[in-house]
Amino acid sequence: MLPISQYKTILFDCDGVVLNSNFLKIEAYRLTALEFGASEEDAMRLVNHHIEYTGISRNIKFAYFLETILKKPADESAMNHLLRQLNIEVERLLENCDIAEGLENLREKTKQAHWMIVSGGDQEEIIRLFSRKSLLKYFDVGIFGSPDSKEEIVARELKKSTGQAPALFIGDSKYDYQVAKKNNLDFIFLSDWTNFFEWKHFCEENKIEVYQKLDDLNR
């Protein structure tokens, strides 16, 4: 791993990295399923699927919820209803969530680098939230999320002039690591806010560099 000041591009996951939002998102999925008419048991099946596939687009998760859990067609009407309701729940629950300390110092420390958000969350939802929390200024490349997958976002953005090597991905899930590895990016795992309960074994097995929180990178 290079010293962080030497990276030209830094990609950040959102939930669990910049925002302490993972467990709030879990609750948002549960409430959305219940509002749709699912039983508590089926709502928890969606929650467990969401946790297992943290970082994957919500469109894919809701298709699984409809087709596999509820045995219903994932038609446009049902999908749009679930996506709208999740947006409502997420924006309500995340309005007062914690923001990672040390962002401004890290931005100064890596002022030569291009920053971007690469999230499984809804892109417009994140942009609205970051605008309200005055976070847009840090991410000069942009805020990217679903409906595009992280794999699609990273592959696309790294082809542009702003996606220069060496590049670093900072995440808190297995999927983040897999996307980083597939694109030959260095990777750092943040453990404090993750909902990946087997992270310690996974990081040891894959020799992943681990920090507790974003502010630790300023030391």
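The coordinates are above.
Residues numbered from 1 in each chain as written. Predicted model: local features only at pLDDT ≥ 70, side-chain atom pairs only at ≥ 80, totals over all residues. Heavy atoms only, no water.

## Some thoughts on the side chain of K61
Then step 1. Summarising the element assignment, K61 is placed in helix 3 (residues 58-69).
Then step 2. The side chain of K61 is buried and forms no salt bridge, while D15, the nearest opposite charge, is found at 7.8 Å.
Then step 3. Residue contacts for K61: discarding those within four places in its chain leaves Y29, L46, H49, H50, Y53, T54, G55 and I56. (Helix = DSSP H or I, 4+ residues; strand = E, 2+ residues; numbered from the N terminus. Buried < 20%, exposed > 50% of the residue type's maximum accessible area, 1.4 Å probe, protein only. Lys, Arg positive; Asp, Glu negative; His and termini not counted. Salt bridge = Lys/Arg side-chain N within 4 Å of Asp/Glu carboxyl O. Contact = heavy atoms within 4.5 Å.)

## Topic: the pairing of strand 3 (residues 142-146)
Then step 1. Within strand 3, 5 of the 5 residues are buried, leaving the element largely enclosed by the surrounding structure.
Then step 2. Relative to strand 3, strand 2 (residues 114-122) is paired through 4 bridges, and the arrangement is parallel. Directly across from I117, in strand 3, lies its bridge partner I143. (Pairing = 2+ DSSP bridges.)

## Quick word on the layout of surface pockets
Then step 1. Space inside the largest pocket adds up to approximately 260 Å³.
Then step 2. Around the largest pocket sit 13 residues that line it, and I51, E52, Y53, K174 and F196 are the ones nearest its centre.
Then step 3. Every element with two or more residues in the lining of the largest pocket is listed here: helix 2 (40-52) and helix 8 (174-182).
Then step 4. If one sorts the elements of the lining of the largest pocket by residue count, helix 8 sits on top with 3 residues. (1 Å grid on protein atoms, 1.4 Å probe; cavity = no way out; pocket = protein on both sides within 12 Å on 5 of 7 lines; lining within 4 Å. Points joined across faces, edges and corners; volume = space filled by probe spheres on them.)

## Section: helix 3
Then step 1. Taken together, the buried positions of helix 3 are R58, K61, F62, F65, L66 and I69. Down the axis of helix 3, the buried set is contained in an arc of 130°. They therefore lie on one face.
Then step 2. Residues of helix 3 that are buried make contact with helix 1 (22-36), helix 2, helix 4 (76-94), strand 2, helix 6 (123-132) and strand 3.
Then step 3. Its side-chain oxygen at 3.2 Å from the backbone nitrogen of N59, S57 defines the N-terminal cap of helix 3.
Then step 4. At the exit of helix 3 stands K71, carrying a positive phi of roughly 60°. (Arc of directions from axis to C-beta. Polar contact = N/O pair within 3.5 Å; in protein donor to acceptor, adjacent residues only side chain to side chain.)

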